[in-house]
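# Report on the structure
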Amino acid sequence: MASRPPRRHRQRSAADHSKAALRPVGPRPPSVDGEPATLAVAAESGGSVAVSRDANGLVTLSFCIPGHRQNVIDARLVAELGQVLDDLDAGPPPRGLLLVSGKKGSFFAGADIGRLEAVLGAEATVIERACEAGRRLFARLSGNPWPSAAVIDGVCLGGGLEMALACDYRIATTDASTSLGFPEVKLGLLPGWGGTVRLPRIIGPGPAVELAASGDPLDGTAALRLGLVDACVPADEALASARLLLERALLTADHLARRQRIEAAVDLHPLELDFLAATSAAVIQGRTSGHYPAPPAILEAILASSALPATAAGALEGAAFARLARSPVAAHLVRVFRLGERNRRDSGVSSHPANPATIPPTDDGFTVGRRTLDRPAVVGAGIMGAGIAASHLRSGFSLSLCDVQSDALTRVVPEILLEAAWDRSRRASDQGRALRLAGGLRTTTRLEALADADIVIESVVDRTDAKKKVLAEIEQVVSPETVIATNTSTNPIAKLAEALRDPSRFCGLHFFNPVRRMMLVEVVRGPATSDATVSLAVAHAKRLGKCPIVVRDSPGFLVNRMLMPYLHESVEMLREGVDPRRIDRAARAFGMPMGPLELYDMIGLDTAFYAGLILNDAYGDRIEPSPVIPALVKSGRLGRKSGAGFYRYGTGGQRARIERPDDKVAEVIAPYALPPRQSDERTITDRLLLPMVLEATRILDEGIVRDGCDVDLAVIHALGFPPFRGGLLAWADTLSAAEIIRRLGALADLGVRMRPTQRLEDLARSGGRFTD
């Protein structure tokens, strides 16, 4: 986010520059100072903290939180850790303290979300006292003469990283599961148990702002480069390395010098402070558009606390946390997180549980009984087929890709491999990984080569006749247990299923473009689709890192049906003479990633036209077909891909930037102009979004999805609806059903598309909420 501070701000000792010395040299020793190199933990039954003391006086605390797949900081852990530290203070003093996890792949995943929810909205003084209690507890990890170290093998996030930072030393492992970061910002919060105090004193204020304000995690190697950890070693060497580090600290007293630096203010020149504040604030504003209060609060807290002693800095952090925790943005973001957790555990066929905590921790949502789909195949090497294939490779699958045109396969394979090897942190493909992944991709022009596949995803051209032909051929060559899916945005699943002898194993798997970036997958259930097929498809999508939403077969499914009124209304306003830039600015000001006219151009006006034909046939009673889109297509304006649509674009194809509105569009629209209307920003926003709320109520009434939570997740992950508003229905709740009806009344002359539905009127009468 900002330039890295001078090395004098890195606060690193001589021991930090001797990382290699922490590793056992040569073959791994069977013992360290005569003690076993592996832990022997004796824990009370069902306890969260197990304590062991070796013959050299080193005490190890091993954490294993019962009832959770990963370690989380809950009330029981806080109480037990406090008691353990009391016992250490009262008993024979240890020579050193070592923190490890008893759960594979998890140091601590952060605070228990239920504990966090209980704090949201509380009185500021209550929240500040809770933060102070947490800081006092963690401070005890380095509050005695003996040194302390944390071994981080697996996820170490949020409060877990604050716990590790409270120790004198940190050892990370090179394991792929090791991940360190502060995701609190994604919940609208900041670290509240000393994270903004210790972090800038350990790695410098600039890197501290970037790490905490972005919420992006680091692997062990990156954490070592940043100075966040003192060593990064293979997992089987971590415990021995940590013990060596503690023994060294006992000889050098380096841990005591570190503590002095943590307690003092950061030595930062005022000019550096001003530069860091200005540059970081600009980057944060660019990323958030001012909609998210947590990133600027993190910047302010880190810069202000850096100039204060640690105790005063902690009080400042607690006050900042309290302000954020009482904000509606935090409440909405925590709700969105909860929806994601619920989706992760959802099988796709049962009623949604009211609380994720009611689901056994062993239920990861990735398996159905004991069956998993491990031999995927994709048919069709077009844009979507290639993206789906790359997603499988990136997720560790080997797969077969079939296309009747061998030249298409030859052309697309390098693109698939580079896409599968995309490295987000570098914003480029990892060429070495691409080469390694190549062995997992098998191409063929013959469907018979897919005979051993246990799931086949058909992704040929989106024409009913072509798809039915290919689906029938797939069924002839695969086993009776193979799941057959189609990637389609418009074709009814019931219609396509007519080509199959066994439609119970057939469903839709609607991926969105670009596949790598779009989290949502619509799992479309046809009339004959079995529960087992739905569950297997849902579990498979999750293994690809996607968020699957089960929808009933209907025109437009869920997302395109929700998108329809948003796009349609933007063109109607254009016909009334509203400047296209005003329409798109209003949408972006609301928090949408792009305006509806920009979105039209990105989708492609020809694509939108053909999709609109299907939707207009189904819902034309309230959405009249617009004459503008076919007229623009006829004029050769297809959007970004043709260089002109509603806007004119520079070079670069789909990545081209908008140069200006296309002046010729007004001429195309002129024959279809409507009487002008007064349209301020709020009216534009209402016209774009309130019809979406109405459509959502119809979708719920028709049982297209199981409840409104699926609607909110879908619009966030597929349409970019702003998470800080909690989802479409959560936003509607902030207005209330009665207020929505009042606003629709001012738009009543626009016709049936602005008429309140029965569900909306019922909610207004009862005072109910859309999200109940």
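Quick notes on the rules
- Residues numbered from 1 in each chain as written.
- Predicted model: local features only at pLDDT ≥ 70, side-chain atom pairs only at ≥ 80, totals over all residues.
- Heavy atoms only, no water.
- Helix = DSSP H or I, 4+ residues; strand = E, 2+ residues; numbered from the N terminus.
- Rg over C-alpha atoms; globule rule 2.2 N^0.38 Å.
- Buried < 20%, exposed > 50% of the residue type's maximum accessible area, 1.4 Å probe, protein only.
- Areas by Shrake-Rupley, 256 points an atom, 1.4 Å probe, with all protein chains shown as cover.
- Lys, Arg positive; Asp, Glu negative; His and termini not counted.
- Charge placed at Lys NZ, Arg CZ, Asp CG, Glu CD.
- Pairing = 2+ DSSP bridges.
- Right-handed = clockwise from strand over helix to strand, strands pointing away.
- Phe/Tyr/Trp six-rings, centres within 6.5 Å; stacked < 30°, edge-to-face > 60°.
- Salt bridge = Lys/Arg side-chain N within 4 Å of Asp/Glu carboxyl O.
- Core = buried A, V, L, I, M, F, W, Y, C linked by side-chain atoms within 4.5 Å.
- Contact = heavy atoms within 4.5 Å.
- pLDDT = per-residue confidence, 0-100.
- Axes fitted to C-alpha atoms, helices over the stretch in contact; angles between N-to-C directions.

## Let's talk about the overall build of the protein chain
Counting its regular elements, the protein chain contains 30 helices and 23 strands. For the protein chain, whose C-alpha radius of gyration is 29 Å, the value lies close to the compact-globule estimate of 28 Å for 772 residues. Seen through its C-alpha atoms, the protein chain measures out along the principal axes to roughly 85 × 60 × 55 Å. Residues counted as buried form 55% of the 772 residues belonging to the protein chain. When the accessible surface of the protein chain is summed, it comes to about 31900 Å², and 54% of that surface belongs to carbon and sulfur atoms. Side chains of the protein chain give 92 positive and 89 negative charges; the mean places of these two sets differ by 2 Å.

## Concerning the pairing of strand β13 (residues 399-402)
On β13, burial covers both faces: Leu-399 and Leu-401 on one face and Ser-400 and Cys-402 on the other are all buried. As defined by bridge partners, strand β12 (residues 376-379) adjoins β13 across 3 bridges and the pair is classed as parallel. Note on β13: the bridge partner recorded for Val-378 is Leu-401. On the question of chirality, the crossover connecting β12 to the parallel β13 by way of helix α14 (residues 383-394) is right-handed. Summarising the sheet, β13 and strand β16 (residues 441-444) pair through 4 bridges and their orientation is parallel.

## What about the packing of aromatic side chains?
Considering all chains together, one arrives at 8 aromatic pairs under this definition. For the pair Phe-590 and Phe-721, a centre-to-centre distance of 5.6 Å together with 65 degrees between the ring planes defines the contact as edge-to-face. Of this pair, Phe-590 sits in helix α21 (residues 580-590) while Phe-721 sits in the loop between α27 (708-719) and α28 (728-735); the two residues are 131 residues apart in sequence, bridging distant segments of the chain. With respect to burial, Phe-590 and Phe-721 carry one shared label: buried.

## Structural notes on the pattern of salt bridges
Overall, the coordinates contain 54 salt bridges when judged by the stated rule. For the salt bridge of Glu-132 with Arg-136, the shortest nitrogen-to-oxygen distance reads 3.4 Å. One end of the pair is Glu-132 and the other is Arg-136, both in helix α3 (residues 124-139) and 4 residues apart, which spans about a single turn. For the salt bridge of Arg-759 with Asp-701, the shortest nitrogen-to-oxygen distance reads 2.8 Å. Of the two residues, Arg-759 sits in helix α30 (residues 758-766) while Asp-701 sits in helix α26 (residues 681-702), which places them 58 residues apart along the sequence.

## Some points on the nonpolar core
In terms of nonpolar packing, the biggest core is built from 93 residues, with Met-562, Tyr-566 and Phe-646 touching the most fellow members. Excluding residues within four positions of it along the chain, Tyr-566 makes contact with Ala-587, Met-592, Met-594, Gly-595, Pro-596, Leu-599, Leu-688, Leu-689 and Met-692. Membership of the second largest hydrophobic core comes to 74 residues, among which are Val-78, Leu-161, Leu-228 and Ala-325.

## So, α28
The element α28 is extensively covered by neighbouring structure, given that 7 of its 8 residues are classed as buried. What α28 keeps buried is the set Leu-728, Leu-729, Ala-730, Trp-731, Ala-732, Asp-733 and Leu-735. On its buried face, α28 is in contact with α13 (328-345), α20 (559-575), α21, α26, α27 and α29 (737-745). The positive-phi residue at the C-terminal boundary of α28 is Ser-736, with phi of around 90 degrees.

## Points about the confidence of the model for the protein chain
Here the protein chain shows a mean pLDDT of 90. Residues at 70 or above account for 91%. Low pLDDT (under 50) marks residues 1-45, which in the prediction has 109 contacts with non-local residues, meaning those over four places away or in another chain. The low-confidence segment residues 353-363 (pLDDT under 50) makes 14 contacts with residues lying over four places distant or belonging to another chain.

## Considerations on the sheet that holds strand β10 (residues 179-181)
Spatial strand order, β6-β8-β10: 3 strands in an open sheet with parallel pairing. The sheet terminates laterally at β6 (106-108) and β10, the two strands that pair on one side only. Strand-to-strand twist in this sheet, taken as the mean axis angle between neighbours without regard to direction, amounts to 10 degrees. Here 2 bridges tie β6 to strand β8 (residues 155-157), and the two strands are oriented parallel to one another. Paired with Ser-106 across the strands is Val-155, a residue of β8. In this fold helix α4 (residues 159-166) packs onto β6, β8 and β10, with an angle of close to 90 degrees to the strand it touches most, β8.

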